[in-house]
Amino acid sequence: MPAAPRTAVDKALDLVEAVARASQPPRLVDLAEEVGLHRATAYRVLVDLVRRGWVLRAGDRYLPGTAVLQLSSSAARNSLGALARPVLAALSERTGMMVNLQVPEVDRSRVIDVVRPDRLAMISSLTGQALPVHRFAGPLALVAALSPADRVPYLRAAEESGYPLEGPDGLLADIEDAERTGFAVEYGRNEQPVASLARAVVTRPGAPVCALTLVGLGPDFGEARLPGLRERLREATEELARILSGPGTSEVTEATEATEATGATGATGATGQASPLLSSPSRTTSGPLSPSPNASPSPSPSTEGPA
């Protein structure tokens, strides 16, 4: 009896499973070959999987998405967190700071991994939590790396919480600063003694894959030390971008991959990118600010640990 034709669900699950079990992030051609689909068909299905968060796209490679990671810890072996962990650990050691890894979701960012030194044990880790853009440096860095159209859900969430968008202290000014400098700095917005510095990891323009955030006490981010922290963070995000792009491969834009897929079968497709997550009154900025004069160590502050 001939096998029943594969449904759209079969194709989607085949691709999700292939991404999750791969020993290194696979490319479109690898996935299409493994699951027995034309490249154009695989590409169209992957577009929807990325949009729904089941697959995460990094350059021309694919990783398990946040939806998979939330449902199956077994996928963590080859997940973004596993690939990024050595970078986080090295950055924490070099700076003495807590470092967290965040990925974009619908209108926030989610913390998926944290490395915290003993000296900052009083700062709570927000692993697994979703963070709004108007309260934390991590989601702010991610949103600043998005296209203006893709920022809308994050801006709407901030506006609905009562946070101002316009004006010198509004969220749009913060986003503009972060976009201009490539860094987002936050002093005491979520918890007064705590500050943070974040930068997005981008493998193709307008589609940040994740963000790395340094978290510490306000004095750790003083004017004298901030330039060095920015440089260490820049090096770490660029290293992670290289890792996610895959060894020996060049970055491939979405349009290039779409053309490649349609050239194989004459079909066309459009892509999507999962978006980022957080909220409170104290301005986030990306300039070389000094810590707030009111910032002082607290025995048990709760902050953006992994923001």
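See above for the structure.
All values derive from a computational prediction rather than experimental measurement.

1. A few points about the nonpolar core
Membership of the largest hydrophobic core comes to 31 residues, with the highest contact counts inside it found for L197, L212, L214 and F221. Of all the secondary structure elements, the ones that give two or more residues to this core are β1 (55-58), α5 (80-95), β3 (98-104), β6 (184-187), β7 (194-202), β8 (208-217) and α9 (226-245). Of the residues forming this core, the biggest block, 7 residues, is contributed by α9. Listed in part, the 20 residues of the second largest apolar core include A12, A18, V19 and A32.

2. Observations regarding the packing of aromatic side chains
Per the counting criterion, the structure on display carries 0 aromatic pairs. Sitting over the face of the ring of F183, R199 holds its NZ or CZ atom 5.3 Å from the ring centroid.

3. Remarks on the pattern of salt bridges
As a working rule, side chains carrying opposite charge can pair if their charged atoms are close by. Within the structure shown, the criterion is met by 14 salt bridges. Ionic pairing is found between R85 and D113, a salt bridge with its closest N-O pair at 2.8 Å. Here D113 lies in strand β4 (residues 109-115) and R85 lies in helix α5, a separation of 28 residues in the sequence. A residue is classified by how much of its surface remains accessible, and R85, at 36% relative accessible area, is partly exposed. Between R232 and E235 there is a salt bridge whose closest N-O contact spans 3.1 Å.

Calculation rules
- Residues numbered from 1 in each chain as written.
- Predicted model: local features only at pLDDT ≥ 70, side-chain atom pairs only at ≥ 80, totals over all residues.
- Heavy atoms only, no water.
- Core = buried A, V, L, I, M, F, W, Y, C linked by side-chain atoms within 4.5 Å.
- Buried < 20%, exposed > 50% of the residue type's maximum accessible area, 1.4 Å probe, protein only.
- Helix = DSSP H or I, 4+ residues; strand = E, 2+ residues; numbered from the N terminus.
- Phe/Tyr/Trp six-rings, centres within 6.5 Å; stacked < 30°, edge-to-face > 60°.
- Lys NZ or Arg CZ within 6 Å of the ring centre and 35° of its normal.
- Salt bridge = Lys/Arg side-chain N within 4 Å of Asp/Glu carboxyl O.

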